[in-house]
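# Per-entry structural report
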Amino acid sequence: MSGERASAGDRTTAPTGERAAPPPNPPEEPAVCGHCGDRFADDRLLALHRGRAHREALTDAEIEAYREARTEERDDVRLFRVKALGLLLLIYFGFIYVYAFVL
Amino acid sequence: MTRRRRLAVAAVGLLAAAVAPVAAHGAGLSGAADRSLSVPTWLFLTTGGGVIGASFLLASFVTDRSFIRRVHGWRRGGLRPARAARWLGRAVGLGGLAAVLVAGLVGPREATRNAAVLTVWVGWWSGYTMTTYLVGNSWPAVDPWRTLAAPLPSLDVDYPDRLDAWPSVAALLGLVWLEVVSPVADRPRFLVGVVTAYGVVTLAGAVVFGADVWFRRVDPVARLFRYFGRMAPLHYDDGVRLRLPGVGLDEPRLVTSRAEVAFIVAVLWVTTFDGLVATPLWRDAAVAVVGAGVPPGLLYPAALVAGYAAVCGVYALAVRYSKRAARTYLPADVLARRFAPPLLAIAAGYHLAHFLGYFLELAPALATAAVAPLSPPEPVALVLPGWFGGIELAGVLLGHLLAIWVAHAAAYDVFPGKLQAVRSQYGITVAMVCYTMASLWIVSQPYAVPPYVT
Ligand SMILES: [Zn+2]
C-alpha cells in the first residue's frame, strides 16, 4: 500500500507506521488518519494530510474539513508573513544602524 | 584587516541583495559599507549570520507548494552520452593515475614543481571536486580504480549490512587526518605511497565484495562525489539531464540510514577542520595542549574526532528541536535523514571558498608541470586581485542559502502544515547561522602553519 502511494508520485507521506513516534510535547490524543494510520498532533494537520495524501479517497466530510483547514492555514500564513516581514525589516535596519554607528 | 574589510563589504552587499526586494534601500547600506575603514570581526560575523537568518525568513514567504514542486521538478535534456565519452573518462582517469605514479617517483622533489602533487591537489582535489558539485559527478566514469577493478574476478562475499556506510565515514575522517598531519601534499614519494595504498585497499575490497558493492557502499571518495553530484545541475537519469542547482538534494530517498547522515555531517566537518587547523587560534591552543603534556601525535586525531562528535551532537539537537517545533509523529531519524542532504551544499560552498583561489593560483604551475613532468620550468603563480576574497566569501554564503532553500522545500514535502514546515526549520536555521559565523571566522583568519605536523 505504501509502495503504491510512493510510486504514484506522492512524496507527501511516509509509509504506514512511520509517523508513530510521539513528539516531546504530545497532544492528549493524537489525530489518526483513517486511510493510512499516520498520526498527527491535531485535527487540522490530519485534515491537511488527508487532503494531500488521499485526495481521491476522501468522504464529503473529509473534503469539507480539508477546505476548512486550508482556509484557517491561509489566515495563519498571512499573519506569519506580517511577522516575518517585520523581523526582516528589524534585521535590515538594525544592521544599517549598527554599521552607521560602528563605521 | 584589509581582507576582513573586503569580506565584510561583500557580506553587506549580499545582505543588501537578499533584503532589497523587501525594502529597496540597498544603496544606503552599501554606501555605509564604502565608508568603512575596518569592520570589526564581531560585526562581520553577525552580518554573515544575519544574511542566513534573513534568507530563511525570505524562503518562508514561498508557501506555494506547486511552485516549489515546479522549481524542483524542472528538467531539460536527456542526451545519451556517446560510448566514446565513457572511454574518454576512463582514459583520463588512468592517464592521470599513471602520470601521478611516474611523476611522483621520478619527477622533481619540490612539491610546487612536481606534476604528481599538483595533479592530485590542484587538479583533482581542488579543480575536479569543484566540477562534481558545480557541473555533475563524472567520477564513476573517471575513477581509475573502478576502471581497474572492473575486469577483476570477485569473491562476492556478502557485505555486512550492519557496517552500512560506517567504513566510508571512518575512511573519510582518516584521509583528512592524513592530509593534515602527513607530508602527503609536500613529498611526492610519500604521495605515491598513499595513492598506491589506497588503490591496493580499493582493488582488494572490490575483489572481495564485488566492485559494484565496494564503490557504492564503502569507497569514501566515490560516495563523496556521488553526494556532491546530487547538487550539480547535470545528472544522469536515462540520459544526461539539466536541473536547477541544489534541487537534487531534496530527493526523499537520497539518504536512507543513520550512517549516511553521519557521512554527510563528516563531509561538513572535515571541510571546516581543514581550515580550522590553519588558524592562529588552533596554533596557540595546540601549543598550549602539547605544553601541558599531551603527545602531539594524539592532538589531531583527538581534535578531529571530538569536533566531529560535537558537530553530530549539534545536528542531533537541531533535529530534535525540529521534531518538537513541528509536533510531528515522524521519528527524529526520519527528519535527520531528510534534512541532512542540504548540508552538502554548505560543505560544497566551503570547499569552493577554501580551494578556488588555491586552484587558480596554482593552475599555471600544474599546466607547466603537466607539459614537462620530469623537468618542469620554474613555477609561475597567478596573483589574484584583491576582490577575490569576496568571491570566496560568496561561496560560503551561497552554499548556506542553497541549503536553506533545499531544507525549506524538503520540509514542505514532509509536513502537511505550511507553518509546521516553517517551524520545523527554526532549530536547523539557528544551527546554520552559528555554523556560518564559525566558517566566516575561519575564512577571515590569517593563515598559520599547523604545528606538530611533518
Ligand atoms: Zn493518511
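If you're wondering where the values come from, they're calculated on a predicted model, not measured in any experiment.

Conventions and cut-offs
Residues numbered from 1 in each chain as written. Chains lettered and ligands numbered in written order. Predicted model: local features only at pLDDT ≥ 70, side-chain atom pairs only at ≥ 80, totals over all residues. Heavy atoms only, no water. Donors = N, O, S within 2.8 Å, 3.2 Å for Na, K, Ca; no water. Tetrahedral: all angles 85-135°; square planar, octahedral: opposite > 155°, others 65-115°. Helix = DSSP H or I, 4+ residues; strand = E, 2+ residues; numbered from the N terminus. Buried < 20%, exposed > 50% of the residue type's maximum accessible area, 1.4 Å probe, protein only. Axes fitted to C-alpha atoms, helices over the stretch in contact; angles between N-to-C directions. Parallel < 35°, antiparallel > 145°, perpendicular 65-115°, else oblique. Left-handed = near helix turned anticlockwise from the far one by under 90°. Contact = heavy atoms within 4.5 Å. Nonpolar A, V, L, I, M, F, W, Y, C, P; charged D, E, K, R; others polar. Patch = residues over 30% accessible without salt bridge, like charges linked within 9 Å, V, L, I, M, F, W, Y side chains within 5 Å. Areas by Shrake-Rupley, 256 points an atom, 1.4 Å probe, with all protein chains shown as cover. Salt bridge = Lys/Arg side-chain N within 4 Å of Asp/Glu carboxyl O. Lys, Arg positive; Asp, Glu negative; His and termini not counted. Charge placed at Lys NZ, Arg CZ, Asp CG, Glu CD. Phe/Tyr/Trp six-rings, centres within 6.5 Å; stacked < 30°, edge-to-face > 60°. Lys NZ or Arg CZ within 6 Å of the ring centre and 35° of its normal. Polar contact = N/O pair within 3.5 Å; in protein donor to acceptor, adjacent residues only side chain to side chain. Core = buried A, V, L, I, M, F, W, Y, C linked by side-chain atoms within 4.5 Å. pLDDT = per-residue confidence, 0-100. Buried area = accessible area lost by both parts, 1.4 Å probe. Pairing = 2+ DSSP bridges.

## Topic: the coordination of the zinc ion
Residues and elements named next belong to chain A. Taken together, the protein ligands of the zinc ion are Cys-33 (SG), Cys-36 (SG), His-49 (NE2) and His-54 (NE2), with distances of 2.0 to 2.3 Å. If you look at the zinc ion, its four donor atoms make angles of 104 to 116° with each other, and the shape they trace is tetrahedral. Mapping the donors of the zinc ion onto the primary sequence gives the spacing C-x2-C-x12-H-x4-H. Here Cys-36 is found in the loop between β1 (31-32) and β2 (39-40), whereas its partner His-49 is found in helix α2 (residues 43-53), with 13 residues between them in sequence. Residue classification places Cys-36 among the buried positions, given a relative accessible area of 6%.

## Considerations on the packing of helix α3 (residues 41-59) of chain B against helix α18 (residues 388-414) of chain B
Residues and elements named next belong to chain B. At a minimum axis separation of 9 Å, α3 and α18 run at an interaxial angle of 30°. It follows that α3 is roughly parallel to α18 by the angle criterion. For the element pair α3 and α18, the recorded crossing hand is right-handed. Here Phe-44, Gly-48, Val-51, Ile-52, Ser-55, Phe-56 and Ala-59 of α3 come into contact with α18, specifically with Leu-393, Leu-397, His-400, Leu-401, Ile-404, Trp-405 and His-408. Partitioning the contact of α3 with α18 into residue classes produces 10 nonpolar, four polar and no charged.

## Here we look at a positive patch on the surface
A cluster of basic side chains, namely Arg-55, Arg-70, Arg-74, Arg-78 and Arg-81 of chain A together with Arg-69 of chain B, defines a positive patch on the protein surface. With four residues, the top contributor of residues to the positive patch is helix α3 (residues 60-102) of chain A. When you line up the elements, Arg-81 of chain A lands in helix α3.

## Structural notes on the packing of aromatic side chains
Applying the stated criterion across every chain, the model contains 19 aromatic pairs over all chains. Taking 6.3 Å as the distance between ring centres and 15° as the angle between the ring planes, the aromatic pair formed by Tyr-97 of chain A and Phe-101 of chain A counts as stacked. Here Tyr-97 of chain A and its partner Phe-101 of chain A are both found in helix α3, four residues apart, which amounts to about one turn of the helix. Like Tyr-97 of chain A, the residue Phe-101 of chain A is exposed in the burial classification. Judged by centre distance (6.3 Å) and plane angle (75°), the ring pair of Trp-125 of chain B and Phe-355 of chain B falls under edge-to-face. Taken together, the residues Trp-125 of chain B in helix α6 (residues 115-134) and Phe-355 of chain B in helix α17 (residues 341-371) connect sequence positions 230 residues apart. The same class applies to Trp-125 of chain B as to Phe-355 of chain B, namely buried. Put simply, the rings of Trp-124, Trp-125, Tyr-128, Trp-139, Phe-225, Phe-355 and Tyr-358 of chain B touch in pairs and so form one group of aromatic residues. The ring of Trp-87 of chain B has Arg-90 of chain B sitting right over it, with the charged end atom 4.9 Å from the ring centre. Between the NZ or CZ atom of Arg-223 of chain B and the centre of the ring of Phe-263 of chain B, over which it lies, the distance is 5.7 Å.

## Quick word on the side chain of Gln-420 of chain B
Relative to the elements of secondary structure, Gln-420 of chain B occurs in helix α19 (residues 418-424). A distance of 2.8 Å separates a polar side-chain atom of Gln-420 of chain B from the backbone oxygen of Ala-326 of chain B. Setting aside residues up to four positions removed in sequence, Gln-420 of chain B forms contacts with Leu-45 of chain A together with Ala-326, Arg-327, Thr-328 and Phe-415 of chain B.

## Section: the nonpolar core
Counting 130 residues, the largest nonpolar core has Phe-273, Tyr-315 and Phe-415 of chain B as its most contacted members. The element that contributes the greatest number of residues to this core is α17 of chain B, accounting for 15 residues. Apart from the residues lying within four places of it in its own chain, the contact partners of Phe-415 of chain B are Arg-52 of chain A together with Arg-65, Ala-326, Thr-328, Leu-330, Leu-335, Phe-339, Gln-420, Ala-421 and Ser-424 of chain B. Core analysis: the second largest hydrophobic core is formed by seven residues, Ala-31, Cys-36, Phe-40 and Leu-46 of chain A among them.

## Thoughts on unusual backbone geometry
Trans peptide bonds make up most of the peptide bonds, and negative phi angles are found at most residues other than glycine. Residue and element names in this part refer to chain B. Residue Asp-156 is not a glycine yet carries a positive backbone phi of 50°. Residue placement: Asp-156 occurs in the loop between α8 (144-149) and α9 (166-181). Phi is positive for Tyr-452, close to 60°, though the residue is something other than glycine. Examined against the element boundaries, Tyr-452 turns out to sit in the segment after α20 (426-444).

## Description of the confidence of the model for chain A
Chain-level statistics for chain A give a pLDDT mean of 82 and a share of 83% at 70 or above. Predicted confidence is poor over residues 1-16 of chain A, with pLDDT under 50, and the contacts of this stretch with residues over four places away or in other chains come to 32 contacts.

## Here's the deal with the interface of chain B and chain A
At the interface, 51 residues of chain B touch 41 residues of chain A. Of the roughly 4,200 Å² buried at the junction of chain B and chain A (both faces included), carbon and sulfur atoms supply 68%. Three residues stand out in chain B for area buried against chain A, namely Arg-327, Tyr-329 and Pro-416 of chain B, and they jointly supply 22% of the buried area on that side. The interface formed by chain B and chain A includes zero salt bridges. With eight residues, α3 of chain B is the single largest residue contributor to the side of chain B that touches chain A. In the side of chain B that touches chain A, the residues fall into 28 nonpolar, 12 polar and 11 charged.

## Observations regarding the sheet that holds strand β3 (residues 240-242) of chain B
Residue and element names in this part refer to chain B. If you trace the three strands from one edge of the open sheet to the other, you get β1-β3-β2, paired in antiparallel fashion. Looking at strand neighbours, the two that pair on one side only are β1 (76-79) and β2 (234-236), the edges of this open sheet. Between one strand axis and the next, the sheet turns through 25° on average, direction left out of account. The pairing of β1 with β3 spans three bridges and is classified as antiparallel. Looking at β3, one finds that Gly-77 is bridged to Arg-241.

## Things to note about α2 of chain A
Residue and element names in this part refer to chain A. The buried fraction of α2 amounts to nine of the 11 residues, a majority that puts the element mostly inside the structure. All buried positions along α2 are accounted for by Leu-45, Leu-46, Ala-47, Leu-48, His-49, Arg-50, Gly-51, Arg-52 and Ala-53. In this structure Asp-42 caps α2, since a side-chain oxygen of it lies 3.1 Å from the backbone nitrogen of Arg-44.

## Overview of the packing of α17 of chain B against α18 of chain B
The axes of two packed helices give the description: the angle between them and the distance between them. Residue and element names in this part refer to chain B. It is the contact of α17 with α18, at a shortest axis distance of 7 Å, that shows an interaxial angle of 165°. By the angle between their axes, α17 is roughly antiparallel relative to α18. In the packing of α17 onto α18, the handedness of the crossing is right-handed. Where α17 approaches α18, its residues Pro-342, Ala-345, Ile-346, Gly-349, Tyr-350, Leu-352, Ala-353, Leu-356, Gly-357 and Leu-360 are matched on the opposing element by Phe-388, Ile-391, Glu-392, Gly-395, Val-396, Gly-399, His-400, Leu-402, Ala-403, Val-406 and Ala-407. Residue classes in the contact of α17 with α18 are distributed as 15 nonpolar, five polar and one charged.

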